[in-house]
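# Breakdown of the fold
Each chain, written out:
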Amino acid sequence: MSESLIVVCPHCAAPNRLPAVRLAEGGTCGKCKKALFQGHPVELNGGNFDAHVGRSDLPLVVDFWAPWCGPCRAMAPAFEKAARTLEPRVRLAKVNTENEQQLAARFAIRSIPTLAIFQGGREIVRQSGAMDEGSLIRWIQANT
Ligand SMILES: [Zn+2]
């Protein structure tokens, strides 16, 4: 890990440069002054997706889901807990594919839930199907 890294604000999507040694403390956004980590997933949409995928130095785990999908809803609490466990080393995020159909099409999401991990602006791995909390955390740790 380099000496400083870019953390994208979950509130205003501004890139913040943070010394790596201070990552564990979290810190606040230089632009909107809110906390850079909150222990729960960031809602991504067409407006902030590219900032989080393209600018962040942290691995980004995206849950492509939809409100009508039972397995997605069942997995949501596990995804929340994984965010609490894994931040600030990893950023967890959600894309509601019903509202964000362009993002779903762009990433060719054919079944939900689909989980994809992005690093350095590109997708490195994806997996379809719901996971329990333990499997989710192991899968993320194995791929980041
Ligand atoms: Zn901000």
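Residues numbered from 1 in each chain as written. Predicted model: local features only at pLDDT ≥ 70, side-chain atom pairs only at ≥ 80, totals over all residues. Heavy atoms only, no water.

### Considerations on the overall build of the protein
Within the protein, the regular secondary structure consists of 4 helices and 7 strands. Along the protein, helices (α) and strands (β) appear in the sequence β-β-β-α-β-α-β-α-β-β-α when read from the amino end. Out of the 144 residues belonging to the protein, those deemed buried represent 47%. Long-range contacts, defined here as pairs at least 24 residues apart, represent 60% of the contacts in the protein between residues at least 6 apart. As displayed, the protein offers around 7,200 Å² of accessible surface, 48% of which is attributable to carbon and sulfur atoms. (Helix = DSSP H or I, 4+ residues; strand = E, 2+ residues; numbered from the N terminus. Buried < 20%, exposed > 50% of the residue type's maximum accessible area, 1.4 Å probe, protein only. Contact = heavy atoms within 4.5 Å. Areas by Shrake-Rupley, 256 points an atom, 1.4 Å probe, with all protein chains shown as cover.)

### Re the coordination of the zinc ion
Summarising the metal site, the zinc ion is bound by the protein donors Cys 9 (SG), Cys 12 (SG), Cys 29 (SG) and Cys 32 (SG), whose distances to it range over 2.3 Å. For the zinc ion, the 4 donor atoms in the first shell make angles of 105 to 114° at the metal, a pattern classed as tetrahedral. All donors to the zinc ion come from one chain, and their sequence spacing reads C-x2-C-x16-C-x2-C. With Cys 9 in the loop between strand 1 (4-8) and strand 2 (15-19) and Cys 29 in the loop between strand 2 and strand 3 (42-44), this residue pair connects regions lying 20 residues apart in the sequence. Taken as a pair, Cys 9 and Cys 29 share a single burial class, namely buried. (Donors = N, O, S within 2.8 Å, 3.2 Å for Na, K, Ca; no water. Tetrahedral: all angles 85-135°; square planar, octahedral: opposite > 155°, others 65-115°.)

### Looking at the pattern of salt bridges
A complete count under the given rule lists 5 salt bridges for this structure. Notably, a salt bridge pairs Arg 106 with Asp 50, separated by 2.7 Å at the nearest N-O pair. Residue Arg 106 is found in helix 3 (residues 101-106), and its partner Asp 50 is found in helix 1 (residues 49-55); the two are separated by 56 residues along the sequence. Residue Arg 106 is classed as partly exposed on the basis of its relative accessible area of 48%. With its nearest N and O atoms 3.3 Å apart, the salt bridge here joins Asp 63 to Lys 94. In this pair, Asp 63 sits in strand 4 (residues 60-65) while Lys 94 sits in strand 5 (residues 91-96), placing the two residues 31 residues apart along the sequence. (Salt bridge = Lys/Arg side-chain N within 4 Å of Asp/Glu carboxyl O.)

### Regarding the sheet that holds strand 4
Strands sit in the order 3-5-4-6-7 across an open sheet of 5 strands; the sheet is mixed. In the strand order of this sheet, the two ends are held by strand 3 and strand 7 (122-128), each with one partner. The average angle at which neighbouring strand axes cross in this sheet is 25°, direction not considered. Together, strand 4, strand 5 and strand 6 (114-119) form the strand contacts of helix 2 (residues 70-86), whose direction differs from that of strand 5 by roughly 155°. Against the sheet, helix 4 (residues 133-143) touches strand 4, strand 5, strand 6 and strand 7, its axis set at about 25° to strand 6. (Pairing = 2+ DSSP bridges. Axes fitted to C-alpha atoms, helices over the stretch in contact; angles between N-to-C directions.)

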